[in-house]
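Breakdown of the fold
For reference, the chains in residue letters:
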Amino acid sequence: MYTVTVDREACDGVFACLVRDDRFVEDDDGLAGFDAGEAVELKRTAESVTATFDDDRREDAEQAAAACPLDAITVADAAAEDDAETEGVEA
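Residues numbered from 1 in each chain as written. Predicted model: local features only at pLDDT ≥ 70, side-chain atom pairs only at ≥ 80, totals over all residues. Heavy atoms only, no water.

Some points on the overall build of the chain
When you go through the chain residue by residue, the secondary structure sums to three helices and six strands. Going from N to C terminus, the chain has its helices and strands arranged as β-α-β-β-β-β-α-β-α. Buried positions account for 35% of the 91 residues belonging to the chain. Here the analysis covers contacts within the chain between residues at least 6 apart in sequence; of these, 56% occur between residues at least 24 apart. Carbon together with sulfur atoms contributes 44% to the accessible area of the chain, which is approximately 5500 Å² in total. (Helix = DSSP H or I, 4+ residues; strand = E, 2+ residues; numbered from the N terminus. Buried < 20%, exposed > 50% of the residue type's maximum accessible area, 1.4 Å probe, protein only. Contact = heavy atoms within 4.5 Å. Areas by Shrake-Rupley, 256 points an atom, 1.4 Å probe, with all protein chains shown as cover.)

A short note on the side chain of Arg23
Inspection of the secondary structure puts Arg23 in the loop between helix H1 (16-20) and strand E2 (24-26). Its relative accessible area of 1% is what places Arg23 among the buried residues. Discounting chain neighbours no more than four positions away, the residues touching Arg23 are Tyr2, Gly33, Phe34, Asp35, Glu38, Phe53, Asp55, Arg57, Asp60 and Ala61.

Some thoughts on the confidence of the model for the chain
Mean pLDDT over the chain works out to 90, with 87% of the residues at or above the 70 mark. Note on residues 84-91: pLDDT is under 50 here. Beyond four places in sequence and across chains, it has one contact. (pLDDT = per-residue confidence, 0-100.)

Description of the packing of aromatic side chains
According to the stated counting rule, one finds three aromatic pairs in the structure shown. Between Phe24 and Phe34 the ring centres are 4.9 Å apart and the planes differ by 40 degrees, which places this aromatic pair in the tilted class. On the criterion of sequence distance, the pair formed by Phe24 in strand E2 and Phe34 in strand E3 (residues 32-34) is long-range, its members being 10 residues apart. The same class applies to Phe24 as to Phe34, namely buried. A ring pair is formed by Phe34 and Phe53, whose centres lie 6.0 Å apart and whose planes are at 65 degrees; its orientation type is edge-to-face. Within this pair, whereas Phe34 is found in strand E3, its partner Phe53 is found in strand E5 (residues 48-53), the two being separated by 19 residues in sequence. Note on accessibility: Phe34 and Phe53 belong to one class, buried. Taken together, the ring pairs in this structure connect Tyr2, Phe24, Phe34 and Phe53 into an aromatic cluster. (Phe/Tyr/Trp six-rings, centres within 6.5 Å; stacked < 30°, edge-to-face > 60°.)

Okay, structure coming up:
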């Protein structure tokens, strides 16, 4: 599993990502978002939108991230994200 995050503050609606990966869509604010039907989980805040995927299309997401001229897209292992959220938290 992996996550793809769009930094909504950095995104300017260039949409180079849509050409590389059809899971990206234009959201209601004119910024890059995701087709919710393909994501295992989708989280949206004012600052970012993150989709979790469990498929073999990570390379498409990485190409979309590389194509973004604003570096507004990141791709990471889902486990790494979970570890970062719990790091420093004592049980």
